[in-house]
Amino acid sequence: GGGAGGGGGGGSDRLDKHGNAVRYMVLLHDVVLGPKGVGGGKFDEKNALRRMRDNFPQYTCVVLRMNSQPPPQHSEEEEGGVSSSNDTRAVKGCRFSPEDVRVVRSFLASLVKDGLIPAMERRIFHLNAVVSNAKKGVKNVLKSFWRKPKESGGG
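Residues numbered from 1 in each chain as written. Predicted model: local features only at pLDDT ≥ 70, side-chain atom pairs only at ≥ 80, totals over all residues. Heavy atoms only, no water.

Draft legend 1. Local environment of a positive patch on the surface. Positive charge collects at one region of the surface, where Lys136, Lys139, Lys143, Arg147 and Lys150 lie side by side. Relative to the helices and strands, Lys139 is located in helix H3 (residues 98-146). With a relative accessible area of 51%, Lys139 lands in the exposed category. (Patch = residues over 30% accessible without salt bridge, like charges linked within 9 Å, V, L, I, M, F, W, Y side chains within 5 Å. Areas by Shrake-Rupley, 256 points an atom, 1.4 Å probe, with all protein chains shown as cover. Salt bridge = Lys/Arg side-chain N within 4 Å of Asp/Glu carboxyl O. Lys, Arg positive; Asp, Glu negative; His and termini not counted. Charge placed at Lys NZ, Arg CZ, Asp CG, Glu CD. Helix = DSSP H or I, 4+ residues; strand = E, 2+ residues; numbered from the N terminus. Buried < 20%, exposed > 50% of the residue type's maximum accessible area, 1.4 Å probe, protein only.)

Draft legend 2. Main features of the packing of aromatic side chains. Taken as a whole and assessed by the stated rule, the structure comprises two aromatic pairs. Consider the rings of Tyr24 and Phe107, whose centres lie 5.6 Å apart with planes at 85 degrees: the pair is edge-to-face. Pair noted here: Tyr24 is in strand S1 (residues 24-30) and Phe107 is in helix H3, with a separation of 83 residues, a long-range link. A single burial state applies to Tyr24 and to Phe107, both of which are buried. (Phe/Tyr/Trp six-rings, centres within 6.5 Å; stacked < 30°, edge-to-face > 60°.)

Draft legend 3. Broad picture of the nonpolar core. Counting six residues, the largest nonpolar core consists of Phe43, Ala48, Leu49, Met52, Cys61 and Val63. When residues of this core are traced back to their parent elements, those giving at least two are helix H1 (45-55) and strand S2 (60-66). No other element matches the three residues that H1 contributes to this core. Filtering out sequence-adjacent residues up to four positions away, Met52 remains in contact with Met25, Val26, Leu27, Cys61, Val62 and Val63. Counting residues in hydrophobic clusters, the runner-up holds five residues, among them Tyr24, Val62, Leu64 and Val103. (Core = buried A, V, L, I, M, F, W, Y, C linked by side-chain atoms within 4.5 Å. Contact = heavy atoms within 4.5 Å.)

The following block contains the structure:
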């Protein structure tokens, strides 16, 4: 399996009925520390994704696995008498498998390409229209200020 479930690949399904970018509901499953499946077996990713979609139909739901590589039995630092348990920098991301990295990278690229950039383009287009209309309004006010006043019909 690819590790990431979610909405389709097209751009149109990334918009809600109002033309806004669809929001995502992401479940991060830590393979090492996270919950196991029923009876201590494997975590059922498909079932979790189905339940997410049932509970959050307005969102694009995604399950991302992380820390798929099993932890080492003991580290060299612990053998030397230095424990790395207080140094969190040493362990962040060290258990991501190449597949974990690929799936997260793919999800983020899709999120940016299909969600973030089109939403920003729509906002910029809207702001451009607002600014353009405001400039026209100011321009017309200035034009009318410099026009010659109409002659009144008094004789």
